[in-house]
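# Report on the structure
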Amino acid sequence: MFFTKKHVEDPGLNLDQMTGEISFIQRSEVESQLKMIHLTTADLRVINSLQPFVIEKIDYIVDRFYENLHYEPILLKIINNHSSIERLKMTLKQHIIEMFDGIVDDAYFEKRKKIANIHVKIGLQTKWYLCAFQDLLLSLLEIIERSKLIKSDYFHSISAVTKILNLEQQLVLEAYDAETDRLRSQIEKQKQLVRKKVANETENLATISEQTNISFKELVAQSNEIVAHADTGKNLSLIAKENAEKGKDHIHKQAIVMSNIHHSVKEITKDVEELLNVLSEMQEIVDIVTDISDQTNLLSLNAAIEAARAGESGLGFSVVATEVRKLSEQTRSSVKDVSSLILNTNSQIDRLTQSLDKVSGDVESGNNHMNTTENHFEQIVHTMGETMLQNNKIQKEIVSIVDVVNNMEKGFEEVASAAENLTKVAHEI
């Protein structure tokens, strides 16, 4: 035990009851390390004798340790991401107290290795670890200084604490190196896989780019052909529209002609109706003349009878009556012929009227058809105009697409070139 007060006859450290043990199953390298730093069981007993002082001041040591974290915010961030300060304080207290148990064995080494692996895993850099140990060393030296040991025990205590802390640092840094080597080896394997994968993918990319480039060249050729067809379609639409407009004009003219014919037929029909009226009047005159002829014939017959009664004195009158009868009969015959002609004319006019009605109906029907056809041509002209507008839009869109395809072709050529360069880089990595 350490003496808390210095006496004139101070017997020094009594280490007979203290623990000091070094025990390994298979750790020849560790034994070499202990020999190089001259850590002995006597040193461990000195360390164990300091444990009561450490336990007494453990809260001060740990609080001081974590107060220094405020100088580096990144350390606080690491702690908050993986744990908490309170939990780590409890762990650190246990760790420091166990450090002064005076026992260095396989369990001691495994525990330090585990802690070091955790430090590597959470991304704690070695410089911060070394800074923390330096602060811990200063805290322990301060405790030793306040214990007021005799000079020989004071230096022996400092030497022992320095050795055990150095061993702690060796173990942790060794674990750091081992974990770093493992990660480096793992990274190297990943790099090998990445190299291989990049090489394969870049070769595939180069092949795909080359094939795509060929396809795009074919697409460009097809696009240019489509543009040519679009131009042809545009020209054909223009010609069709012009022809439709000409057809519309021709139909319109024909409609005017048909309308004129229809008007003329109507005029002829009116003339025929007037002719029928005239023939009707003539028939009435013929009827009058026929009546007159009949009456004249009757009068001539009566005159002939009266002349016969008169005898010789009536012979002259009889001759006149005979001549009148002959004239009456001739007139009747002529009137009959005229009446027959009128009947024939009426018959012809009836047939003409029927023909005119039929022609008028056909003309009117044809005129309606012409109007319908003209409307259809109007729709065709309108549709062809819309078609031309659509063809113009399609042509512009196709030209835009061809421009995009040409740009993409250049882009794929650049991709193919980049893939070749990437393949070279992948082989050089």
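Conventions adopted
Residues numbered from 1 in each chain as written. Predicted model: local features only at pLDDT ≥ 70, side-chain atom pairs only at ≥ 80, totals over all residues. Heavy atoms only, no water. Salt bridge = Lys/Arg side-chain N within 4 Å of Asp/Glu carboxyl O. Helix = DSSP H or I, 4+ residues; strand = E, 2+ residues; numbered from the N terminus. Buried < 20%, exposed > 50% of the residue type's maximum accessible area, 1.4 Å probe, protein only. Axes fitted to C-alpha atoms, helices over the stretch in contact; angles between N-to-C directions. Parallel < 35°, antiparallel > 145°, perpendicular 65-115°, else oblique. Left-handed = near helix turned anticlockwise from the far one by under 90°. Contact = heavy atoms within 4.5 Å. Nonpolar A, V, L, I, M, F, W, Y, C, P; charged D, E, K, R; others polar. Expected span 1.5 Å × (residues − 1). Core = buried A, V, L, I, M, F, W, Y, C linked by side-chain atoms within 4.5 Å. pLDDT = per-residue confidence, 0-100. Patch = residues over 30% accessible without salt bridge, like charges linked within 9 Å, V, L, I, M, F, W, Y side chains within 5 Å. Areas by Shrake-Rupley, 256 points an atom, 1.4 Å probe, with all protein chains shown as cover.

Where charged atoms from two side chains of opposite charge come close, those side chains can pair. The final tally for this structure, using the stated rule, is seven salt bridges. A salt bridge links Lys163 to Asp43; its shortest N-O distance comes to 3.0 Å. Pair noted here: Lys163 is in helix α9 (residues 151–310) and Asp43 is in helix α2 (residues 41–49), with a separation of 120 residues, a long-range link. Asp43 carries the same exposure label as Lys163, and that label is buried. Two residues, Arg64 and Glu142, come together in a salt bridge whose shortest N-O distance is 2.9 Å. On the criterion of sequence distance, the pair formed by Arg64 in helix α4 (residues 58–67) and Glu142 in helix α8 (residues 126–146) is long-range, its members being 78 residues apart.

The next point concerns the packing of α4 against helix α6 (residues 85–99). Relative orientation of the contacting elements α4 and α6 amounts to 130°, with a least axis distance of 10 Å. Classified by the angle their axes make, α4 and α6 are oblique. As for the relative orientation of α4 and α6, their crossing is right-handed in sense. In this structure, α4 contributes Ile58, Asp59, Ile61, Val62, Asp63, Phe65 and Tyr66 to the contact, and α6 contributes Ile85, Leu88, Lys89, Leu92, Lys93, Ile96 and Ile97. In the contact of α4 with α6, the residues fall into 10 nonpolar, no polar and four charged.

Look at α6: 21 Å from first C-alpha to last across 15 residues, which is about the 21 Å you get at 1.5 Å a residue. Among all positions in α6, only Lys89, Leu92, His95, Ile96, Glu98 and Met99 are buried.

It is worth spelling out the nonpolar core at this point. Formed by 39 residues in total, the largest nonpolar core has its most connected members in Ile96, Phe100, Ile164, Leu165 and Leu167. Elements with a contribution of two residues or more to this core: α1 (28–37), α2, α3 (51–56), α4, α6, α7 (106–122), α8 and α9. Among the elements that take part in this core, α8 stands out by supplying seven residues, more than any other.

Moving on to the confidence of the model for the protein. Taken as a whole, the protein shows an average pLDDT of 76; of its residues, 83% reach a score of 70 or greater. Mean pLDDT in the protein bottoms out at helix α5 (residues 73–82), which sits at 68, and peaks at α2, which reaches 90. Note that residues 1–11 has pLDDT below 50 and, in this model, 23 contacts with residues that lie over four places away or in other chains.

Moving on: the environment of Gln295. With respect to the element layout, Gln295 can be found in helix α9. Along the primary structure Gln295 and Ser328 are separated by 33 residues, whereas in three dimensions their C-alpha atoms are 8.8 Å apart.

Before going further, it helps to examine a nonpolar patch on the surface. Together, Leu275, Val278 and Met282 make up an exposed nonpolar region whose accessible area comes to about 230 Å². On the secondary structure map, Met282 appears in helix α9.

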